[in-house]
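# Structural overview
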Amino acid sequence: MKLLEDRILKEAKALSDEVLLVDMFLNHQVDCELMYEIGGEFSRLFARDGISRVVTIEASGIAPAAMCALIMKKPLVILKKQPSLVLKNGILQTEVFSFTKQKSYMLTLKPEFIAQGDRVLLIDDFLANGEAALGAARLIEQAGGTVAGVGAVICKSFMPGLRRLKDMGFHVEALASIKRMGAGEIVFED
Ligand code: 5GP
C-alpha cells in the first residue's frame, strides 16, 4: 500500500535491524485518516473470505482493526494483554512471548464474544515472529471460531512470522512488507 509505505519512509525510525518505531502515526499518535484507508484496504483484500467478525490485540491493533470493522460492518473484539480485575471468570487464556518486550504475557478472550462458526479476520499492527497471531488464533479456535484471514499493517518479512502463518494455511495479507532495515534504510518487498 503506497500511502503506508510512503509514510513509513517519511516518519518511521528503525531502532535496530529488527524493531521499527512508528509511534508518530500508529503506535502512540494515531493518524485516523490513514487508519481509515488501511481499514478499507483490508476490507477489499478479505472481501471474499466470508468474514463475520474482526479481532485484534490491544493496544496498537485497535485503530486499524476498528476502521476495518466499521467499513466491513462487522463486530470488533479486542483481545486483552493486561491482567484485569473484572475479567476473571469464564475466560480463555494463552501465553504469548512478546518480541518487543522480550517477555511473556497472557492473551485473554471472553469466549462469548466469538460465535460458533465465526469466520474471523485477525488484524494486528505488526507481524514479526507470528507469536501474537498464533496465540490469538489458538483462542479464537478454542472459542469456536475459524481464522479466515490475518491482516498485518506492517510485516517484517525477514522474520519467520509470515512464513509460519502461510505454511499453516492462513490467508495472510500485509500492507507494507519490509525485507530489510537498519540505520537510515528501510527496504520494502517488491
Ligand atoms: P510477533 O508476535 O509477530 O513476533 O510480534 C507482533 C507483535 O509485536 C505486534 O503485536 C506488535 O505490537 C509487536 N511488534 C513486533 N515487531 C514490532 C516492531 O518492529 N515495532 C513495533 N512498534 N511493534 C512490534
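Each remark here, short or long, concerns the structure printed above.
Small disclaimer: the values here were computed from a predicted structure and weren't measured.

Let us look at the nonpolar core. Among the nonpolar cores identified, the biggest contains 32 residues, and Leu 4, Ile 8, Leu 20 and Ile 154 are the most heavily contacted of them. Looking at this core, the elements with two or more residues in it are helix 1 (2-11), helix 2 (32-45), helix 3 (62-72), strand 7 (119-127), strand 8 (146-156), strand 9 (172-182) and strand 10 (185-188). Counting 29 residues, the second-largest nonpolar core is a separate cluster that includes Leu 92, Leu 122, Ile 140 and Cys 155.

Buried residues dominate strand 7, accounting for eight of its nine residues. Pairing of strand 3 (residues 53-57) with strand 7 involves four bridges; the strand directions are parallel. Residue pairing in the sheet places Val 54 in a bridge with Leu 121 of strand 7. As judged from the eight bridges shared by strand 7 and strand 8, these two strands associate in the parallel manner.

Moving on: the state of the cysteines. By definition, a disulfide links the sulfur atoms of two cysteine residues through a covalent bond. As enumerated under the stated definition, the model contains zero disulfides in all. The thiol of Cys 155 is unpaired, and the distance to the nearest cysteine sulfur, on Cys 68, comes to 17 Å.

As a further point, take the environment of Glu 11. With respect to the element layout, Glu 11 can be found in helix 1. Between the C-alpha atoms of Glu 11 and Arg 180, which are 169 residues apart in sequence, the distance is 17 Å.

Before going further, it helps to examine the site of the ligand. In the vicinity of the ligand, 16 residues are found, and the nearest of them are Leu 20, Asp 124, Asn 129, Gly 130 and Lys 156. Backbone polar atom of Leu 20 to a nitrogen atom of the ligand: 2.8 Å apart, as the coordinates give it. In this structure, Asn 129 approaches the ligand through a main-chain N or O atom, which is 2.8 Å from an oxygen atom. The protein chains hide 90% of the 510 Å² of surface that the ligand would expose on its own. Most atoms of the ligand, that is more than half of them, are within 2 Å of grid points of the largest pocket.

Attention shifts here to helix 2. Spanning 14 residues, helix 2 covers 20 Å between terminal C-alpha atoms, matching the ideal 20 Å at 1.5 Å per step. The inward-facing, buried residues of helix 2 contact helix 1, helix 3, strand 7, strand 8 and strand 9.

Our next topic: the side chain of Arg 7. Note on placement: Arg 7 falls in helix 1. With residues near it in sequence (within four places) discarded, Arg 7 still touches Ala 12, Phe 25, Asp 31 and Leu 34.

Inspection of the secondary structure puts Asp 125 in strand 7. Look at Asp 125: it is buried, it has no salt bridge, and the nearest opposite charge is Lys 81 at 6.6 Å. In contact with Asp 125, not counting residues within four places along its chain, are Leu 26, Asn 27, Ser 60, Gly 61, Ala 152, Val 153 and Ile 154.

What counts, and where the lines are drawn
- Residue indices begin from 1 for each chain and proceed along its sequence in written order.
- Restriction of local features to residues with pLDDT of at least 70 applies here, the model being predicted, together with a cutoff of 80 or more for giving and counting side-chain atom pairs; totals for whole chains, interfaces and linings are based on all residues.
- No hydrogens and no water enter the side-chain calculation; it runs on all heavy atoms of the structure.
- Note on terminology: a nonpolar core comprises buried Ala, Val, Leu, Ile, Met, Phe, Trp, Tyr and Cys residues joined through side-chain atoms within 4.5 Å.
- Only protein chains enter the accessibility calculation, which uses a 1.4 Å probe. A residue is then buried if its area is under 20% of the maximum for its type, exposed if over 50%, and partly exposed in between.
- Strands are runs of DSSP state E lasting at least two residues, helices are runs of H or I lasting at least four, and both sets are numbered from the N terminus onward.
- A strand pair is defined by DSSP finding two or more bridges across the two strands.
- By disulfide we mean two sulfur atoms from cysteines, separated by a distance within 2.5 Å.
- The near set for a molecule or strand comprises every residue that places at least one heavy atom within 4 Å of it.
- Polar contact is defined as a pair of N or O atoms within 3.5 Å, subject to the rule that within protein one atom must be able to donate a hydrogen and the other to accept it, and that residues adjacent in sequence are counted only when both atoms are side-chain atoms.
- Per-residue accessibility takes into account occlusion by the displayed protein chains alone, with areas from the Shrake-Rupley method and a 1.4 Å probe.
- Cavities and pockets are defined on a 1 Å grid built over the protein atoms alone: a cavity is a set of grid points where a 1.4 Å probe fits but cannot escape, while a pocket is an open set with protein on both sides within 12 Å along at least five of seven lines, and lining residues are those with an atom within 4 Å of any such point.
- What decides whether a molecule sits in a cavity or pocket is whether more than half of its atoms lie within 2 Å of the grid points.
- Working rule for helices: expected span equals 1.5 Å times residues minus one.
- Contact between two residues is taken to exist if any of their heavy atoms lie within 4.5 Å; hydrogens are not considered.
- As used throughout, the charge tally considers Lys and Arg to be positive and Asp and Glu to be negative, leaving His and the chain termini uncounted.
- We define a salt bridge as a side-chain nitrogen of Lys or Arg found within 4 Å of a carboxyl oxygen belonging to Asp or Glu.

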